[in-house]
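# Summary of the model geometry
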Amino acid sequence: MKFTLVLSAVITALLMAVAPSSAREPLNTKDPVEKAIKARQSYYQVVSFNAGPLFGMAKGKVAYDAKKAQEFANNLLALTSMKNSAMWPKGSDNVAKKGKTRALPAIWDTYPKVVEASKAFGAAVKQLASVAGNGADALKPAVGALGKSCGGCHKPFRAKEF
Ligand code: HEC
């Protein structure tokens, strides 16, 4: 019993040693900067939660449902109407807060380029929300444009790993 415990502790330690350094580190939400990081990551989780089924419907992996498609699109519209600049304080990039965020310093260094990416996202969502309930054929190109707008920001501004 004791031996098994020791052994499992050793195995755990070994596994931790080889675990990728890209693992997300916990945020200290008493720190206002890390609080902001948590808020924006949570924001994108909600974005992703609503976009996911739409990507699925566009690919034919999820059955098209006009009512649901419109609801998810409307949620995205509500999300893109938010003013989120407080979620992006200086010093919240992945150099200053290593392991806690994937936000690249380019967001601040090339400002206001990120605003353009954000506007493109807003425009894609607006277009999507105007056609989401009009059938799968109308949904597809709009979802394609939405996906492009996510990538258009992630590529220059989000690191692949933590
Ligand atoms: C204007 C830029 C921008 C747009 C547009 C954008 N993202 Fe992101 N996204 C980011 C950045 C930057 C991060 C990293 C945030 C961090 O780690 O602090 C991120 C993080 C995420 C995450 C991970 C959140 C977490 O828990 O760490 C998901 C999921 C995500 N985005 C999905 C999407 C999807 C889906 C879309 C499009 C429908 C999208 N994003 C559009 C910039 C953007």
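The structure we're discussing is the one just above.
Report follows, based on the coordinates. Only a predicted model underlies this, so the values are computations on that prediction, with no experimental measurement involved. (Residues numbered from 1 in each chain as written. Predicted model: local features only at pLDDT ≥ 70, side-chain atom pairs only at ≥ 80, totals over all residues. Heavy atoms only, no water.)

Around the ligand, 22 residues are found, and the nearest of them are Q45, T101, C150, C153 and H154. In this structure, T101 approaches the ligand through a side-chain N or O atom, which is 2.6 Å from an oxygen atom. Within the side chain of H154, one N or O atom sits 2.8 Å away from a nitrogen atom of the ligand. Mapped by element, the contributors of at least two residues to the shell around the ligand are helix 2 (32-59), helix 5 (113-131) and helix 6 (136-157). Sort the elements by how many residues they give to the shell around the ligand and helix 2 lands first, with seven residues. Its residues assigned to classes, the shell around the ligand shows eleven nonpolar, seven polar and four charged. (Near = heavy atom within 4 Å. Polar contact = N/O pair within 3.5 Å; in protein donor to acceptor, adjacent residues only side chain to side chain. Helix = DSSP H or I, 4+ residues; strand = E, 2+ residues; numbered from the N terminus. Nonpolar A, V, L, I, M, F, W, Y, C, P; charged D, E, K, R; others polar.)

Here the focus is the packing of aromatic side chains. Inspection of the entire model under this criterion finds three aromatic pairs. Taking 5.2 Å as the distance between ring centres and 75° as the angle between the ring planes, the aromatic pair formed by Y43 and Y44 counts as edge-to-face. On the basis of relative accessibility, which here comes to 9%, the residue Y43 falls in the buried class. Judged by centre distance (6.4 Å) and plane angle (50°), the ring pair of W88 and W108 falls under tilted. Remark: W108 occurs in helix 4 (residues 106-109) and W88 occurs in the loop between helix 3 (66-80) and helix 4; sequence separation between them is 20 residues. (Phe/Tyr/Trp six-rings, centres within 6.5 Å; stacked < 30°, edge-to-face > 60°. Buried < 20%, exposed > 50% of the residue type's maximum accessible area, 1.4 Å probe, protein only.)

A separate point is the environment of L146. Assignment of secondary structure puts L146 in helix 6. In this structure, the C-alpha to C-alpha distance between L146 and F55, residues 91 residues apart in sequence, is 9.0 Å. Beyond its immediate sequence surroundings of up to four residues, L146 is in contact with A51, F55, L76, F121, A124, V125 and L128. (Contact = heavy atoms within 4.5 Å.)

Counting 22 residues, the largest nonpolar core has L54, L76, L128, L139 and L146 as its most contacted members. It is helix 2 that provides the largest number of residues to this core, a total of six residues. Of all hydrophobic cores here, the second largest spans seven residues; its members include I107, V114, A117 and F157. (Core = buried A, V, L, I, M, F, W, Y, C linked by side-chain atoms within 4.5 Å.)

Take helix 2 next. Here helix 2 is 28 residues long and its end C-alpha atoms lie 40 Å apart, about the 40 Å a rise of 1.5 Å per residue gives. Taking the largest bend as the criterion, helix 2 deviates by roughly 30°, centred on A51, and proline P53 comes between one and four positions later. Near the N-terminus of helix 2, the side chain that reaches the backbone nitrogen of V33, with its oxygen 2.8 Å away, is that of D31. Residue G60 follows helix 2 closely and has a positive phi angle near 80°. (Expected span 1.5 Å × (residues − 1). Bend = angle between axes of the 7 residues up to and from the residue.)

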